[in-house]
Amino acid sequence: MIAFLGTGLLGSGFVRALRRREVDVHVWNRTPEKARALASSGARAFDDPLEAVRGATRVHLALSDDAAVDSVLERAAPGLARDVILVDHTTTSPTGTRARAERWRERGVRFLHAPVFMGPQNAHDATGVMLASGDRVTFDGLEPELSRMTGKVVYLGPLAERAAQQKLLGNLFLMFLTGGLADFFALAKAFGVEPADAASLFQYFDPGATVALRAKRMMKVVEPSWELSMARKDARLMLEETARAGASLDVLPAIAALMDKWIARGHGGDDWTVIGREAAS
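Reading guide: rules and limits
Residues numbered from 1 in each chain as written. Predicted model: local features only at pLDDT ≥ 70, side-chain atom pairs only at ≥ 80, totals over all residues. Heavy atoms only, no water. Helix = DSSP H or I, 4+ residues; strand = E, 2+ residues; numbered from the N terminus. Rg over C-alpha atoms; globule rule 2.2 N^0.38 Å. Buried < 20%, exposed > 50% of the residue type's maximum accessible area, 1.4 Å probe, protein only. Areas by Shrake-Rupley, 256 points an atom, 1.4 Å probe, with all protein chains shown as cover. Lys, Arg positive; Asp, Glu negative; His and termini not counted. Charge placed at Lys NZ, Arg CZ, Asp CG, Glu CD. Salt bridge = Lys/Arg side-chain N within 4 Å of Asp/Glu carboxyl O. Contact = heavy atoms within 4.5 Å. Core = buried A, V, L, I, M, F, W, Y, C linked by side-chain atoms within 4.5 Å. Pairing = 2+ DSSP bridges. Axes fitted to C-alpha atoms, helices over the stretch in contact; angles between N-to-C directions.

## Quick word on the overall build of the protein chain
Part 1 of the reasoning: In terms of helices and strands, the protein chain carries 13 helices and 9 strands.
Part 2 of the reasoning: Taking 281 residues into account, the globule formula puts the C-alpha radius of gyration at 19 Å, and the protein chain, at 23 Å, lies well above it.
Part 3 of the reasoning: For the protein chain, the spread of C-alpha atoms along the principal axes amounts to about 65 × 40 × 30 Å.
Part 4 of the reasoning: Counting all 281 residues of the protein chain, 40% fall into the buried class.
Part 5 of the reasoning: Here the protein chain displays about 14900 Å² of accessible surface, and carbon together with sulfur accounts for 57% of that area.
Part 6 of the reasoning: Side-chain charges in the protein chain split into 35 positive and 34 negative, and the spacing between the mean points of these groups amounts to 3 Å.

Written out as structure tokens, the structure reads:
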């Protein structure tokens, strides 16, 4: 039997997928109704995490943050079996994750951090990506079960905080991507272009395919493929057109300011990825 603490959007998807495989699952959630809603799938709901974990060989967590994980684990601690393994899918800080893993190791409890790049439907369908870091022996023993929960499991090494670092880096990129798309649609609106027409650009232009190459270019000096001064000129055109329409962009002004800083340093003729070279070196 396993226990799942935290049955919000992600956790409930995981639990339903586990029940499809007829895994015996105990569930708990801060809002009891969310846990009880999983009874229809065959999960057994509890109002107390301590009771939910009794007899569990694995305890999975999908909570909100470091404080929630620490609080819930302390409440559950008296009910943990001697040989239990804690598998935390929560997006938490690297500092908190490292301290948590060490704290439970000292208490004789195995802990694996396994955050995910998955939405609720991914959890339900066992697709997406799960990261994992911590003791290798613990991971190897869990890998077959973790693989059944997702499309891809990536082991990142023995440092407990490594998966937390990579998860936050990935989420940062998603935030920038969404913020960039917000500016994309704002500029399209300034042009008088409908959102669907603007988005049709991505049917034949796929900038996402260049991300890995662009990251490599930022880590070394390269021959210019797009000079920084020319990129800054294009940024100026975008800002001017948006202003003429009585609108504004939110992300681009910060990028333009970064370009100006590097141009002032004498890098106007360099490849425009120079704006990230300092951070990437």
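## Examining the side chain of R277
Part 1 of the reasoning: Residue placement: R277 occurs in helix α13 (residues 277-280).
Part 2 of the reasoning: For the buried R277, no salt bridge exists, and the shortest N-O distance to an oppositely charged side chain is 4.4 Å, to D270.
Part 3 of the reasoning: Contact partners of R277, with chain neighbours within four places excluded, come to M218, K220, V221 and D270.

## A few points about the nonpolar core
Part 1 of the reasoning: One finds F4, F14, V25, V27, M130 and L146 to be the most contacted residues of the largest nonpolar core, which totals 28 residues.
Part 2 of the reasoning: Listing elements by their share of this core, those giving two or more residues are β1 (2-5), α1 (9-20), β2 (25-28), β5 (85-88), β8 (129-132), α7 (136-147) and β9 (152-155).
Part 3 of the reasoning: It is α1 that contributes the most residues to this core, 4 residues altogether.
Part 4 of the reasoning: Each residue touching F14, except ones within four places of it in the same chain, is listed here: F4, H89, V116, M118, A123, M130 and M149.
Part 5 of the reasoning: Ranked by size, the runner-up nonpolar core spans 24 residues in total, among them L5, V69, A76 and A160.

## What about the sheet that holds strand β6 (residues 110-113)?
Part 1 of the reasoning: Pairing is parallel in the open sheet, where 6 strands are placed in the order β3-β2-β1-β4-β5-β6. The open sheet has two free edges, formed respectively by β3 (44-45) and β6, since each of these has just one partner strand.
Part 2 of the reasoning: Inspection of the sheet shows β1 paired to strand β4 (residues 58-61) by 4 bridges, in the parallel sense. The residue of β4 that forms the bridge with L5 is L61.
Part 3 of the reasoning: Contacts from α1 reach β1 and β2 within the one sheet, and its direction differs from that of β1 by about 160°.

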